[in-house]
Each structure stands twice: as structure tokens, then as C-alpha cells.
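Close look at the chain arrangement
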Amino acid sequence: MRNASGNGADFFVRAGYRYYWTTDDVLEREDDYVYEDNSVHLLSFDVGVRAVFGAYFLGQLWQVYALAAPRFLYFRSLGRKSRYGRWHPDSETNLYSIGVITGIGFEVTVFRFMGLFCEMNVGYVPVGESNRNVEGIQLYLGLTYRNGVSPGWW
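The paragraphs below set out a description of the structure included in this document. Since this is a predicted model, take the numbers as computed values, not measurements.

This part covers the pairing of strand S4 (residues 92-111). The sheet contact formed by S4 and strand S5 (residues 114-124) spans 11 bridges and is antiparallel. Paired with Gly105 across the bridge in S5 is Glu119. Turn length for the S4-S5 hairpin, with the two strands adjacent in sequence and antiparallel, is 2 residues.

Printed below as a string of C-alpha cells:
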């Protein structure tokens, strides 16, 4: 839903995976750990909309945009080497959550079908009984697949 200059709105689908673990320096500072080897896995899926404004410069399409999307999240926490024993009920946690993200970004075409982007998101996705937010502020850098883009220099 954009014009030839790339202005308008479009829809996006995005999947993401993040992985965190307890580092050795945390274990050295903390003598009262529950799990010696703790990891958190976050798998997210977004379907959202972007408001886009763009212009051609040096044969490339340069765009700024604002986005919003619901975020569907799968949260998995694994604790190994527990001081309570191997099969403690809290050693594995699997949770599902729905939240929202919003953000602003900048994108430039490299080829007709590919672009580079930089994006800052802020989100609220509550997890568990405490409803702790696992999103906060995040910065993304990467490649984007472009579909239906007006031709630039290629």
C-alpha cells in the first residue's frame, strides 16, 4: 500500500530468537546460586504494520518508518546442576505470552529485493505470574527482503 516513492503503509511478518545464559563471572560473584547452568530461550513472532516515508537519493530508496505489532512469545528457562537435585520441578519453565511492540527505523535499498535496516523497538510482553516484561528497548541491525519495491538503480 505504497506509492512509487515508497510512501504509505506496509505489513510485515517477523520471527526472532534470543538466547541468554549464566556466565562464569556471575557464578564467581554469587555464592548462593540455585542453578549452576541456567539458560533462557525466547522465541517471538510478530505480524504488524509500518507507516513508511521514503525518497530516492543516489539511486537508492531511503526510508524512515514507524511500526506497531502484537508479539507472540514462547519463553523457556532451563536450569541444570541444581543444588536441589537434577529433577527439581523448577528446573524447566515453559511459558507463552502475548504483548505489543512499537518502534522506529531506517532502511535503504541495496538491490531491488534487498535492503539494510537499523531499527529501535520498545515493547511490553509480560511473562509468568509476576508479569515481568521481557522486551524493553532493543536495537536491531540487519538485512530485509523487499517485495514489490519500485526499481532503484537495479
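Here the narrative resumes.
Here the focus is the side chain of Ser97. Of note, Ser97 is situated in strand S4. Take Ser97: its relative accessible area is 11%, and that puts it in the buried class. Here Pro126 takes part through its backbone oxygen, which lies 2.3 Å from a polar atom of the side chain of Ser97. Setting aside residues up to four positions removed in sequence, Ser97 forms contacts with Arg71, Phe72, Leu73, Val125, Pro126 and Val127.

On the surface, Phe53, Phe57, Leu58, Trp62, Val64 and Phe106 cluster together to form a nonpolar patch covering roughly 650 Å² of accessible area. If you list the elements that add at least two residues to the nonpolar patch, you get strand S2 (35-57) and strand S3 (60-82). In this fold, Phe57 is placed in strand S2.

Criteria and cut-off values
Residues numbered from 1 in each chain as written. Predicted model: local features only at pLDDT ≥ 70, side-chain atom pairs only at ≥ 80, totals over all residues. Heavy atoms only, no water. Pairing = 2+ DSSP bridges. Helix = DSSP H or I, 4+ residues; strand = E, 2+ residues; numbered from the N terminus. Buried < 20%, exposed > 50% of the residue type's maximum accessible area, 1.4 Å probe, protein only. Polar contact = N/O pair within 3.5 Å; in protein donor to acceptor, adjacent residues only side chain to side chain. Contact = heavy atoms within 4.5 Å. Patch = residues over 30% accessible without salt bridge, like charges linked within 9 Å, V, L, I, M, F, W, Y side chains within 5 Å. Areas by Shrake-Rupley, 256 points an atom, 1.4 Å probe, with all protein chains shown as cover. Salt bridge = Lys/Arg side-chain N within 4 Å of Asp/Glu carboxyl O.

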